[in-house]
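Geometric and topological summary
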Amino acid sequence: MWDASKCNLCGDCLVNCRYASYDRDRAIAEIKLLMEGKDAEILSKCTTCIACSDYCPTGADPSNLIFKMQEKIGTCPIVVVGKPLREELVRALEGREDPRQLIPGTPDKPALSLDAFRFDYFPEGTFDSQLFKGMTIVRGGQYVSLVGYVHMGGESFVEKYGQRVLDKLARLGKDIVYIHNEGFVLAHVEAKEYGFKVPFKYMHLFEYLRNYLRAHKKNITKLGKKIAYQANCATRLIHEYDAFLDEVFELVGVERPNRKYERLNAVCCTAPLIYVNRELAVDIQKKNFEDAIACGADAIITSCPFCNRVLGRPSLQFNLPNIFITDLCRIALGEKPWPEGSR
Ligand code: SF4
Ligand code: SF4
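Attention here is on the structure that accompanies the text.

**A short note on the site of ligand 1**
With respect to spatial proximity, the complete set of residues near ligand 1 consists of Leu14, Cys17, Tyr19, Ile42, Cys46, Thr47, Thr48, Cys49, Ile50, Ala51, Cys52 and Ile66. Along the lines of polarity and charge, the residues of the shell around ligand 1 split into ten nonpolar, two polar and no charged.

Below, the structure written as structure tokens:
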């Protein structure tokens, strides 16, 4: 959450933003305008990648200031394009659209929350996998993570509806495993910032997969591949969970070689951008895939259904498969082959 008291106006956040080209003076001027509650050019250039909160040396969380101001000013492309989606979300949260879908599991197993993602946003067979056997699987508009609505001009939605979503999940009476990073961020990060109660135990998908693979080591065939990882933007809010992912990669026998666009320097998957600036989105995708290929990657691994979808086109174009993280585990467990005809 934006904390003006931590900002020393150093400008690092916007000097380092790769979607604007500001020198330090201009970067500082932009931040000053935002702090005064005024419109600024960065609001229209911002792809909502959250990286500037990583670049900020003081923890002031400048991306949150930008997202608040995008919503307040209301004229930048992301906010304009996102209006129907925000309206749809409100209808869903009020129970007027996108009702709950639930696949019941066994009483001893936790529930897997898909947020509002439809089942077909995940690779075929995901929910028949041994990974999730016996788990209750739930999705629907009333379980939406809200955190991702910063990409559609809905920064305030977390504060307005966060407790409602958490209470809805609590009514399942189960521990929750979040398949989508942003649902986890609502429970683990935003809940503390807004003082929400989280009346259930919860776990990030990376930790769940790590635990599953550790317990089923004998069923794993090490893949012997190199992979590039496309991080979901909100993983920048939970760096400590990268260690679970590294362990997942180690357990399935894939190497994560150093490359230009990862960790602090990761690029946006372009999902928020593709509808408002297609040319820039395609350029970022190209740089991302060329960088992955240059580092010898056999695939790009995604952990967000939106990242996975938007990278489908460049994946075909560059003949580099994009594999959802659960599918990577399923391949190592012998449930699926490595994508045919690929590297
Ligand atoms: S969120 Fe990303 S695109 Fe927006 S200002 Fe920060 S670094 Fe730039
Ligand atoms: S938000 Fe952080 S990086 Fe940006 S000007 Fe303030 S202190 Fe510097």
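**Structural notes on the sheet that holds strand β9 (residues 322-324)**
The strand order β7-β6-β8-β9 describes an open sheet built from four strands, whose pairing is parallel. Of all strands in the sheet, those bounded by a partner on one side alone are β7 (254-255) and β9. Of the pairings in the sheet, the one linking strand β6 (residues 225-230) to strand β8 (residues 299-302) comprises four bridges and is parallel in character. Bridging across to β8, Tyr229 finds its partner in Ile301. Contacting β6, β7 and β8, helix α10 (residues 242-252) crosses the sheet at an angle of about 155 degrees to β6.

**Description of the packing of aromatic side chains**
The description of two aromatic rings rests on the distance between their centres and on the angle between their planes. For the structure on display, the rule yields 19 aromatic pairs. Residues Phe122 and Phe324 carry aromatic rings whose centres are separated by 5.8 Å and whose planes lie at 80 degrees to one another, so their mutual orientation is edge-to-face. Note that Phe122 is positioned in the loop between β2 (111-113) and β3 (136-139) and Phe324 in strand β9, a separation of 202 residues in sequence. Given the relative accessible area of 1%, Phe324 is considered buried.

**Overview of the pattern of salt bridges**
Following the criterion strictly, the structure yields 25 salt bridges and no others. Between Glu155 and Lys68 there is a salt bridge, and its shortest N-O distance comes to 3.3 Å. Taken together, the positions of Glu155 in the loop between β3 and α7 (157-170) and Lys68 in helix α5 (residues 62-73) put the pair 87 residues apart, joining distant regions of the chain. In this structure Glu155 comes out as buried when scored by relative accessible area, which is 9%.

**Observations concerning the environment of Thr48**
Of note, Thr48 is situated in the loop between α3 (42-45) and α4 (51-55). For Thr48 and Gln70, which are 22 residues apart along the polypeptide, the C-alpha to C-alpha distance reads 9.9 Å. Discounting chain neighbours no more than four positions away, the residues touching Thr48 are Phe67, Gln70, Ile78, Val150, His151 and Pro272. For Thr48, the side chain forms a polar contact with the side chain of His151, separated by 2.7 Å.

**Let's talk about helix α9 (residues 205-215)**
By the criterion of burial, α9 is predominantly enclosed, with eight of the eleven residues buried. Within α9, the full set of buried residues consists of Leu205, Phe206, Glu207, Tyr208, Leu209, Arg210, Tyr212 and Leu213. In this structure, the buried residues of α9 make contact with β4 (176-178), β5 (202-204), β6, α10 and α14 (325-332).

**Considering the site of ligand 2**
Near ligand 2 lie 13 residues; those nearest to it are Cys7, Cys10, Gly11, Cys13 and Cys56. Within the shell around ligand 2, the residues separate by chemical class into nine nonpolar, three polar and one charged.

**With respect to the nonpolar core**
Leu146, Ile325 and Leu328 are the most contacted members of the largest nonpolar core, which has 118 residues in total. For this core, the element with the highest residue contribution is helix α8 (residues 181-194), accounting for seven residues. Aside from chain neighbours lying at most four places away, what touches Ile325 is Leu205, Leu209, Leu245, Val248, Phe249, Ile301, Thr302 and Ser303.

**Side note on the sheet that holds β5**
Consider a sheet: its strands pair through backbone hydrogen bonds, and that pairing is either parallel or antiparallel. Taken together, the five strands give an open sheet; going across it, the order is β1-β3-β2-β4-β5, and neighbouring strands pair in mixed fashion. Looking along the sheet, the strands with just one partner apiece sit at the ends: β1 (101-103) and β5. Adjacent strand axes in the sheet meet at a mean angle of 25 degrees when their direction is disregarded. Sheet analysis places β2 next to β4, joined by three bridges and oriented parallel. By the bridge assignment, Leu112 is partnered in β4 with Val177. α9 contacts β4 and β5 of the sheet and is inclined by roughly 80 degrees relative to β5.

**A few points about the pairing of β6**
Inspection of the sheet shows β6 paired to β7 by two bridges, in the parallel sense. Paired with Lys225 across the strands is Val254, a residue of β7.

**A word on α14**
Structural remark: α-helix, 3.6 residues per turn; residues separated by three or four positions point the same way. Of all the eight residues making up α14, eight are buried; the element is thus mostly covered by neighbouring parts of the structure. Turning to α14, its buried residues number three or more, namely Ile325, Thr326, Asp327, Leu328, Cys329, Arg330, Ile331 and Ala332. Gly334 occupies a position one or two residues after α14 and carries a positive phi of about 85 degrees.

**Some thoughts on the packing of α10 against α14**
Closest axis-to-axis distance for the α10/α14 pair is 10 Å, and the angle between their directions is 25 degrees. Here α10 is positioned roughly parallel relative to α14, judged by the angle of their axes. Along this stretch, α10 crosses α14, giving a crossing that reads as left-handed. Residues Leu245, Val248, Phe249 and Val252 of α10 lie in contact with α14, whose contacting residues are Ile325, Leu328, Cys329 and Ala332.

**A few points about the side chain of Ser129**
Structurally, Ser129 can be placed in the loop between β2 and β3. For Ser129, a relative accessible area of 1% translates into the label buried. Look past the residues within four positions of Ser129 in its chain and what remains in contact with it is Arg330 and Glu335.

Thresholds, definitions, all that
- Residues numbered from 1 in each chain as written.
- Chains lettered and ligands numbered in written order.
- Predicted model: local features only at pLDDT ≥ 70, side-chain atom pairs only at ≥ 80, totals over all residues.
- Heavy atoms only, no water.
- Near = heavy atom within 4 Å.
- Nonpolar A, V, L, I, M, F, W, Y, C, P; charged D, E, K, R; others polar.
- Pairing = 2+ DSSP bridges.
- Helix = DSSP H or I, 4+ residues; strand = E, 2+ residues; numbered from the N terminus.
- Contact = heavy atoms within 4.5 Å.
- Axes fitted to C-alpha atoms, helices over the stretch in contact; angles between N-to-C directions.
- Phe/Tyr/Trp six-rings, centres within 6.5 Å; stacked < 30°, edge-to-face > 60°.
- Buried < 20%, exposed > 50% of the residue type's maximum accessible area, 1.4 Å probe, protein only.
- Salt bridge = Lys/Arg side-chain N within 4 Å of Asp/Glu carboxyl O.
- Polar contact = N/O pair within 3.5 Å; in protein donor to acceptor, adjacent residues only side chain to side chain.
- Core = buried A, V, L, I, M, F, W, Y, C linked by side-chain atoms within 4.5 Å.
- Parallel < 35°, antiparallel > 145°, perpendicular 65-115°, else oblique.
- Left-handed = near helix turned anticlockwise from the far one by under 90°.

Any functional reading would require information beyond the geometric quantities listed.
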